[in-house]
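Chain residues, written in single-letter form:
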Amino acid sequence: MLSSKNNDTADEELVEAIKENDHDAFKILYYRYFQKLIRFAYYRSHSVEIARDLVQELFFRVWGGRERLNPKKSIQAYLYKSLNNLIINYKKLSSSQTFSLTDIVEGKMKVEEEQENIIDIQNAIERLPEKLRTVFILSRVEGYKYFEIAEICNISVKAVEKRMTKVAFLLKKALD
Amino acid sequence: MSKTEFIKFCVKSITGNIEEAEKRELDKLLSQSVENRIEFEKIQSVWEKSVTNENQELPDIDVEWESLNEKIRDVDKEYEKEKGSIFNKILVFTKSLFTPIWKPALAGLFIVAISVTVLLLSNKEEIVTFKTISTLNNERQTVQLPDGSTVKLNSGSSIGFPDKFIGEKREVKLEGEAFFSVTKNGKPFVITTENTRVTVLGTEFNVWTRDEKTKVIVKQGRVNVEQIKTKNENVILSKDQESIIRKNFKPSPPQNVNADYLLGWLDNKLVFNRTPLNEIAGELERFYNVKIELANDDLGNLTLTGSFENQKVESVLNMICLALNIEFTKTVEIINHEQKSYLIKSKNNL
């Protein structure tokens, strides 16, 4: 069956089609968001493996629960929110939260002092409360604008501003 | 301008969220003092260093899509198969059977469905329809069987039975937990679970069966209990006795218990008697319609004795954790946001 949907089709229309079991529409949605979601999960978990598993799990559940999707609501926000939940659950379930930060940075830096700085910042990011880190990564890694982050996180733009300011404050402190 | 306000503008500028008026104000502040410029540069440097490995190799999208696609196809196929199988066409089951939670029950009922078709052949005038009644979490139901026996179904359970009992035996299938009050009518009454066959003539007793484990507690009369796979191993239970049938093992010898106390669920109580935590979690899930996960399998072997009545799920969890020296947290449920979910873990687990 040929789908009338293509890469320019709006999210909303794609979701309508997915609800009608349109497999091609689902593929378009997958290709549209895969990279972004993988990057987001990667910066939260520091592991490509985990990021890939979680994103696959996410899309698997989206297809499995396609009847329940609501085309009137932003699918982008829904994907990020669900992925975020998956990550939080994953972190709670994995008994050790020790991500090897030194591994990540190793070999990347030339100057030692610089490297120390980076490890400090990375550690500070790790210590950020979940809701601050989510906002931060959406901005820093994904390049989303504040209003987009507000939609994804279901908070006001003012709250995004507040959280980002707090993040800057905390990360800056890591260098002192 | 406060320091927080200043940092806010710096971050908005660095992330490209600053508005014209704000930008002008920030520029002014930066040109006014060296300290401000140092502060700005510091934030900028933190920002740059906060992401180090932009070039990390990400998974290949085409490969990933194919693997997801395969997984989805398998699931969809299975779904189609279920919808189109023969017994669905021959017999009318209640619709609730086809909700995915009852998959295990489905497998069991297929066997019954076959035996019914055999009955149809040998007894052409009689048409027997098989019925399944299922309860959801946090729901109980009393079912009247065609012979006048009654069955109280606990939460998240299902019972399958014909609309009339023909043949030598009265046969039913059970998944979950039910209390039976069986009438005497000369024909043996047989309950089959995943691993156990319970045979009675007329009496009151409780059958609990989940994950290939069955527990039978007798309140009145005598009950014959046998493991399906090792037929000759049977145990006869009388009033206030219990036998546990684990997976492929023979039934445990009769143990004296207080049936009224252990069958507290009939009075809306939760009663545990050296019950392992993994079973307790399941009981709580069905009783409160919540989701409970254990952080690791070892926790599932901890056992607890006690009863709870009229309490909120969180206070029950609190007491259980206190008794076992473990802890629980509320977690976020992905699929169903309305269902509360909890994680039970050991205390030293970070």
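The structure displayed is predicted, hence computed values, not measured ones.

Thresholds, definitions, all that
Residues numbered from 1 in each chain as written. Chains lettered and ligands numbered in written order. Predicted model: local features only at pLDDT ≥ 70, side-chain atom pairs only at ≥ 80, totals over all residues. Heavy atoms only, no water. Helix = DSSP H or I, 4+ residues; strand = E, 2+ residues; numbered from the N terminus. Buried < 20%, exposed > 50% of the residue type's maximum accessible area, 1.4 Å probe, protein only. Contact = heavy atoms within 4.5 Å. Areas by Shrake-Rupley, 256 points an atom, 1.4 Å probe, with all protein chains shown as cover. Buried area = accessible area lost by both parts, 1.4 Å probe. Salt bridge = Lys/Arg side-chain N within 4 Å of Asp/Glu carboxyl O. Polar contact = N/O pair within 3.5 Å; in protein donor to acceptor, adjacent residues only side chain to side chain. Nonpolar A, V, L, I, M, F, W, Y, C, P; charged D, E, K, R; others polar. Patch = residues over 30% accessible without salt bridge, like charges linked within 9 Å, V, L, I, M, F, W, Y side chains within 5 Å. Lys, Arg positive; Asp, Glu negative; His and termini not counted. Charge placed at Lys NZ, Arg CZ, Asp CG, Glu CD. Pairing = 2+ DSSP bridges. Axes fitted to C-alpha atoms, helices over the stretch in contact; angles between N-to-C directions. Core = buried A, V, L, I, M, F, W, Y, C linked by side-chain atoms within 4.5 Å. pLDDT = per-residue confidence, 0-100.

1. Some remarks on the overall build of chain B
From N to C terminus, chain B includes nine helices and 18 strands. Burial statistics for chain B: of 350 residues in total, 46% are counted as buried. The contacts of chain B with a sequence gap of at least 6 include a subset with a gap of at least 24, amounting to 45%.

2. Focus on the overall build of chain A
Looking only at helices and strands, one finds nine helices and zero strands in chain A. In chain A, the succession of α and β elements from N to C terminus is α-α-α-α-α-α-α-α-α. Residue burial in chain A is summarised as follows: out of 176 residues, 53% are buried. Here the analysis covers contacts within chain A between residues at least 6 apart in sequence; of these, 60% occur between residues at least 24 apart. Summed over all atoms, the accessible surface of chain A reaches about 8,700 Å², with 48% contributed by carbon and sulfur.

3. Focus: the interface of chain B and chain A
Listed as interface residues are 48 residues of chain B and, on the opposing side, 53 residues of chain A. Both faces considered, chain B and chain A share a buried interface measuring about 5,000 Å² in area, 62% of it formed by carbon and sulfur atoms. Taken together, the links from chain B to chain A amount to four salt bridges. The salt bridge partner of B:Lys8 is A:Glu161, with a shortest N-O separation of 3.4 Å. Where chain B touches chain A, the interface holds 12 residue pairs in polar contact (both at pLDDT 80 or more). The biggest single contributor to the side of chain B that touches chain A is helix H4 (residues 61-84) of chain B, with 11 residues. Classifying every residue of the side of chain B that touches chain A gives 18 nonpolar, 14 polar and 16 charged.

4. Focus: a negative patch on the surface
The grouping of B:Asp60, B:Asp62, B:Glu66, B:Glu70 and B:Asp74 at the surface amounts to a negative patch. Of the residues examined, B:Glu66 reaches a relative accessible area of 39% and is grouped as partly exposed.

5. Topic: the pairing of strand E9 (residues 213-220) of chain B
Remember that side chains alternate between the two faces of the sheet whenever the strand is regular. Residue and element names in this part refer to chain B. Most of E9 sits out of view: six of its eight residues are buried. Two elements, strand E8 (residues 204-210) and E9, share seven bridges in a ladder whose sense is antiparallel. Looking at the pairing, Val207 lines up with Val216 of E9. The antiparallel hairpin formed by E8 and E9 contains two residues in its connecting segment, where Asp211 sits at a positive phi of about 50°.

6. Some details on the sheet that holds strand E18 (residues 341-346) of chain B
Residues and elements named next belong to chain B. Strand order in this open sheet of three strands is E15-E18-E17, and the pairing throughout is mixed. One side of each edge strand has no neighbouring strand; the edge strands of this open sheet are strand E15 (291-294) and strand E17 (326-331). With direction set aside, neighbouring strand axes in the sheet form an average angle of 25°. Across six bridges, the pairing between E17 and E18 is antiparallel. The residue bridging Lys330 from the neighbouring strand is Tyr342, located in E18.

7. So, the nonpolar core
One finds A:Phe26, A:Leu37, A:Phe59 and A:Leu83 to be the most contacted residues of the largest nonpolar core, which totals 72 residues. Per-element accounting of this core gives the leading share, 13 residues, to helix H2 (residues 23-45) of chain A. Judged by nonpolar contacts, the second largest core, of 26 residues, contains B:Leu145, B:Phe165, B:Phe180 and B:Val225.

8. Notes on the confidence of the model for chain A
Residue and element names in this part refer to chain A. Model confidence for chain A is summarised by a mean pLDDT of 80, while 84% of its residues fall at 70 or above. For chain A, helix H5 (residues 101-105) is the element with the lowest average pLDDT, namely 40, and helix H1 (residues 11-19) is the one with the highest, namely 91. Predicted confidence is poor over residues 95-111, with pLDDT under 50, and the contacts of this stretch with residues over four places away or in other chains come to 24 contacts.

9. Notes on the packing of helix H2 (residues 20-32) of chain B against helix H3 (residues 34-49) of chain B
Pairs of packed helices are described in terms of their axes, by the angle between the two and the distance that separates them. All names here are of chain B. Following both chains from N to C, one finds H2 and H3 inclined at 120°, their axes separated by 5 Å at the closest point. Across from Leu26, Leu29, Leu30 and Ser31 in H2, the residues of H3 making contact are Asn36, Arg37 and Phe40. Per-class residue counts for the contact of H2 with H3 are four nonpolar, two polar and one charged.

10. Some remarks on unusual backbone geometry
Leaving glycine aside, a negative phi is the common case for residues, and trans is the common case for peptide bonds. All names here are of chain B. At Asn138, a residue that is not glycine, the phi angle is positive and equals roughly 60°. Relative to the helices and strands, Asn138 resides in the loop between strand E1 (130-134) and strand E2 (141-144). The residue Arg274 is not glycine, and still its phi comes out positive at about 45°. Structurally, the position occupied by Arg274 is in strand E14 (residues 269-276).

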